[in-house]
Amino acid sequence: MFNLALWVYVGLALAIFGSLAAVWGPGVKDPVIRTINTEVASVGVSLILLTYNSTLALLTLIATTIIVTLILFRAISRLEEIGADV
């Protein structure tokens, strides 16, 4: 029916490329683009976990989205407080 190895490889590719895009990718100075790039990596991790259990994948996606968003918004607000050019 579904090839589980395909989901693992697609998830690995998204996790690796999403992580690299968040660090060195285009528009990393813009906080919104950086948030979107981290979401690509979290979707990749969720696809990997989807091959094991769908509930685990959903909880991982929700948790990584919330944690990464809170961390990035806190970092953005701190940079704006000190007057850095974001």
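Our subject is the structure that appears above.
Keep in mind the model is a prediction, meaning the values are calculated, not measured. (Residues numbered from 1 in each chain as written. Predicted model: local features only at pLDDT ≥ 70, side-chain atom pairs only at ≥ 80, totals over all residues. Heavy atoms only, no water.)

A.B. asks: I'd like a description of the packing of helix α1 (residues 4-24) against helix α2 (residues 31-50), backed by residues and values.
C.D. replies: Where α1 meets α2, the axes come as close as 7 Å, and the angle between the chain directions of the two elements is 160 degrees. With respect to their mutual orientation, α1 and α2 come out roughly antiparallel. In the packing of α1 onto α2, the handedness of the crossing is left-handed. On α2, the residues touching W7, V8, V10, G11, L12, L14, A15, G18, S19, A21, A22 and V23 of α1 are R34, N37, T38, V40, A41, V43, G44, V45, L47 and I48. Here the contact of α1 with α2 is composed, by residue class, of 15 nonpolar, six polar and one charged. (Axes fitted to C-alpha atoms, helices over the stretch in contact; angles between N-to-C directions. Helix = DSSP H or I, 4+ residues; strand = E, 2+ residues; numbered from the N terminus. Parallel < 35°, antiparallel > 145°, perpendicular 65-115°, else oblique. Left-handed = near helix turned anticlockwise from the far one by under 90°. Contact = heavy atoms within 4.5 Å. Nonpolar A, V, L, I, M, F, W, Y, C, P; charged D, E, K, R; others polar.)

A.B. asks: Describe the packing of α2 against helix α3 (residues 54-81), naming the residues involved and giving the relevant values.
C.D. replies: Geometrically, a packed helix pair is captured by the angle between its two axes and the distance between the axes. As a packed pair, α2 and α3 sit with axes 9 Å apart at the nearest point and diverge in direction by 160 degrees. By the criterion of interaxial angle, the relationship of α2 to α3 is roughly antiparallel. Helix-helix and strand crossings are classified by hand; for α2 and α3 the assignment is right-handed. Of α3, the residues touching α2 (which contributes P31, R34, T35, T38, E39, S42, V43, V45, S46, L49 and L50) are S54, L56, A57, T60, L61, T64, T65, V68, T69, L72 and I76. Of the residues in the contact of α2 with α3, the class split is 11 nonpolar, nine polar and two charged.

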